[in-house]
Amino acid sequence: MGTRQPLDLFAIGTMTIFCMVMASQQVMLKAVAEDLAPVFQIALRSGIAAALLIGLILLQRHRMPLAPENRIPALLIGVLFTLEFLLVGEALNKTSAGHATVFLYTSPIFAAIGLHLKIPNERMSRLQWLGILLAFAGIVLAFLGGDSTEALSSDVLLGDFLALLAGAAWGLTTVVVRATGLSALPARQTLLYQLVVAFVLLSLWAYMTGQADVNPTPEAMGSLAFHGIVVSFIAFLVWFWLLTKYKASQLGILSFMTPVFGVLLGNWLLGERIEANFIVGSALIIGGILLVSSHGWLSKRRERTGKPA
């Protein structure tokens, strides 16, 4: 595989569109929640995306061998993926789409801590630990510094906490993939395991909790098609393609436009209020995550310029 190239205007433009698409997920789930519960919509979109991905794999005649030692990790990432979106779906019943997006995208923090504990060569530097502390300070501020009754309501706080747990589940998924033989498998293969398990388990949850009713309005069906085809299938394939062409560290830094877009879209399309404390807290969270995620890139720059690490 050739050397990845630095970002160009095409990559930046594509990543901007990608981040806007990913940020719109929670907004659209929230917008049609009365017609199609978020949890059930996530289940259905996972099924749609899984079917499309299976069709693509068959069309391209890719083999998907799974060694016996990878079977439990494959099931585990499917369960964690399901837990992540179960928590997101329930969070959207209680909190705003903007809050859910920001707290969901704390996942790199939890992934970094897990990898630090699990993989020796993933130990974090002092700068990264500073980023962790900065991000958690932002989480506390975003949770507790509200200046309105609505922001401090038990439902909103619970929704925020569920979204934060979803971010932890996402981060743990990354740890499982990196620390097991799954890291050697094609990305579409690990994605398929997650989509299939999520479709089955989230559908069962929706039926058991009475959230499987569907009012097939044009808005609900449009949202489902958007999520199943654009978000869970096309957008992920675009992301994996970008990773084969461009430097992952630079793409990762650009991906943090997503929570910013999530807050802005929630305010614009759903009329969600943006609390001053939440803006400051979100800035601290994103800043902390950038410190954690950009450490490798900064280290390489220092090496090239001859500066001590």
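Predicted model only: the values in this text are computed from it and were never measured.

S.K.: Where do I start with helix H9 (residues 218–245) in this structure?
M.R.: Residues three or four positions apart in an α-helix share a direction because the helix packs 3.6 residues into each turn. Over its 28 residues, H9 extends 38 Å from the first C-alpha to the last, a length consistent with the 40 Å expected when each residue adds 1.5 Å. At His227, H9 shows its largest kink, close to 30°.

S.K.: What am I meant to see in the environment of Leu134 here?
M.R.: Turning to its location among the elements, Leu134 is positioned in helix H6 (residues 126–144). For Leu134, the residues in contact, after removing those within four places along its chain, are Leu284, Gly287, Gly288 and Leu291.

S.K.: Which parts of the structure should I look at to understand the confidence of the model for the protein chain?
M.R.: One rule of thumb: low pLDDT means the predicted coordinates there are not for detailed reading. Looking at the protein chain, pLDDT values average 86 and 90% of them are 70 or higher. Element-level mean pLDDT values for the protein chain span from 56 in helix H13 (residues 295–305) up to 94 in helix H3 (residues 71–91).

S.K.: For this particular structure, what's the right way to read the side chain of Thr190?
M.R.: Position of Thr190 relative to the elements: it lies in helix H8 (residues 187–208). Since its relative accessible area comes to 10%, Thr190 is described here as buried. Filtering out sequence-adjacent residues up to four positions away, Thr190 remains in contact with Ile77, Leu182 and Leu185.

Criteria and cut-off values
Counting of residues starts from 1 at the beginning of each chain's written sequence and follows it residue by residue. Since the coordinates come from a predicted model, pLDDT governs what is reported: local features require at least 70, and pairs of side-chain atoms require 80 or more to be given and counted, while whole-chain, interface and lining totals use all residues. Water and hydrogen atoms play no part in the side-chain values, which are based on all heavy atoms of the structure. To qualify as a helix, a DSSP run of H or I must reach at least 4 residues; to qualify as a strand, a run of E must reach at least 2; elements of each kind are numbered from the N terminus. Expected span, for any helix, means 1.5 Å times one less than how many residues it has. Fitting one axis to the seven residues ending at a residue and another to the seven starting there, the bend at that residue is the angle between the two axes. Note on contacts: a residue pair is in contact if any heavy atoms of the two residues lie within 4.5 Å. For every residue, the predictor reports its confidence as pLDDT, a number between 0 and 100. Exposure categories follow from relative accessible area, calculated using a 1.4 Å probe and restricted to protein chains: below 20% of the type maximum is buried, above 50% is exposed, and the middle band is partly exposed.

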